[in-house]
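Here is what each chain is made of, one letter per residue.
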Amino acid sequence: MDALVTCLVAAVAVLAVVVVVGRARRRPTDPPEGQPAEPPRGGPLRLTLGDRVRIREREYAVSATIRLVEGDWSWVQHLLDDDSGTRHRLSVEDGPEVELVFWTAEPGATVTPGAPTIELGGRRYTWAETGQARYTATGETALPSTGTMRYHDYQSGGAARLSFEAYGEEGWRVARGDLLDPADLTIRPPQA
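Cut-off values and rules
Residues numbered from 1 in each chain as written. Predicted model: local features only at pLDDT ≥ 70, side-chain atom pairs only at ≥ 80, totals over all residues. Heavy atoms only, no water. 1 Å grid on protein atoms, 1.4 Å probe; cavity = no way out; pocket = protein on both sides within 12 Å on 5 of 7 lines; lining within 4 Å. Points joined across faces, edges and corners; volume = space filled by probe spheres on them. Helix = DSSP H or I, 4+ residues; strand = E, 2+ residues; numbered from the N terminus. Nonpolar A, V, L, I, M, F, W, Y, C, P; charged D, E, K, R; others polar. Salt bridge = Lys/Arg side-chain N within 4 Å of Asp/Glu carboxyl O. Buried < 20%, exposed > 50% of the residue type's maximum accessible area, 1.4 Å probe, protein only. Pairing = 2+ DSSP bridges. Phe/Tyr/Trp six-rings, centres within 6.5 Å; stacked < 30°, edge-to-face > 60°.

Turning our eyes to something else, we now look at the layout of surface pockets. Of the voids in this model, the second largest pocket is the one considered here, and its volume is about 380 Å³. If you go around the second largest pocket, you meet 22 residues; those closest to its centre are L79, R87, H88, R89 and R173. Elements with a minimum of two residues in the lining of the second largest pocket: strand 2 (58-70), strand 3 (73-81), strand 4 (88-93), strand 5 (99-105), strand 9 (160-167) and strand 10 (173-180). Ranked by the residues each element gives to the lining of the second largest pocket, the list is headed by strand 3, at 4 residues. Taken together, the residues that form the lining of the second largest pocket break down as 9 nonpolar, 7 polar and 6 charged.

With that out of the way, let us pick up unusual backbone geometry. Negative phi values dominate among residues other than glycine, just as trans dominates among peptide bonds. If you check the backbone angles, E57 has positive phi at about 75° while not being a glycine. On the secondary structure map, E57 appears in the loop between strand 1 (52-55) and strand 2. Look at D83: it is not a glycine, yet its phi comes out positive at around 65°. Considering the arrangement of structural elements, one finds D83 in the loop between strand 3 and strand 4.

With that out of the way, let us pick up the pattern of salt bridges. Under the definition given, this model contains 10 salt bridges. For the salt bridge of R54 with E57, the shortest nitrogen-to-oxygen distance reads 3.9 Å. Since its relative accessible area comes to 32%, R54 is described here as partly exposed. Residue classification places E57 among the exposed positions, given a relative accessible area of 66%. Put simply, E119 and R124 hold a salt bridge, and the shortest N to O gap is 2.9 Å. Residue R124 is classed as exposed on the basis of its relative accessible area, which comes to 52%. Several salt bridges converge on common partners, so that one network encompasses R52, R54, E57, E59 and R188.

Let us now look at the pairing of strand 5. Side-chain positions along a regular strand alternate between the two faces of the sheet. Burial runs high along strand 5: 5 of the 7 residues are buried. Judged from the 6 bridges that link them, strand 4 and strand 5 form a sheet pairing that is antiparallel. Its bridge partner being in strand 5, S91 is matched across the sheet by V101. Here strand 4 folds back onto strand 5 in antiparallel fashion, the turn holding 5 residues.

This part covers the packing of aromatic side chains. One pass over the structure, following the stated rule, counts 5 aromatic pairs. Between Y154 and F164, the ring centres sit 5.8 Å apart and the planes meet at 70°, which makes this aromatic pair edge-to-face. Of the two residues, Y154 is situated in strand 8 (residues 146-156) and F164 in strand 9; the sequence distance between them amounts to 10 residues. Given a relative accessible area of 0%, F164 falls into the buried group. Taken together, the ring pairs connect W73, W75 and Y151 into an aromatic cluster.

Bear in mind that shape data such as this cannot, by itself, settle questions of function.
Right under this line is the structure:
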């Protein structure tokens, strides 16, 4: 019996050494087991002013960031500039999986939120969620640095989105969006 206990203790000691050595050999940049590797610089949640992103073969510069908090949920919107004059933004929702949506402003849209379904551009969108969040803005946003934002979000099909946002007391801003696969996004640091 003593020999069996001695063998078990020795086996546990060997297993412990193997685990410790294996962890020591893991590079510090390796993600924890089961976690995907972060893109350079921390990924889309941590983009900063001047960073460049490539989305589906087109390049944009980050000109501003709006960080939003609603209860215990938070997300980020990066305003993107491509010198076309059209307003674009990239929203990044962090959760079990990061959700990326590329938005294009629809300044001429005459629709308003609230209905269960909305028609715009030949597509029918169905209500998804409504809420109000506090925000902090940095960069060229034309907004106060802090405040509140109301929103109504709609969806159509699997990837199409429609958003209504009102910052402070302003009227609704309308934008159409497309859900992105993380592979659709490439991040580059600012150009020297």
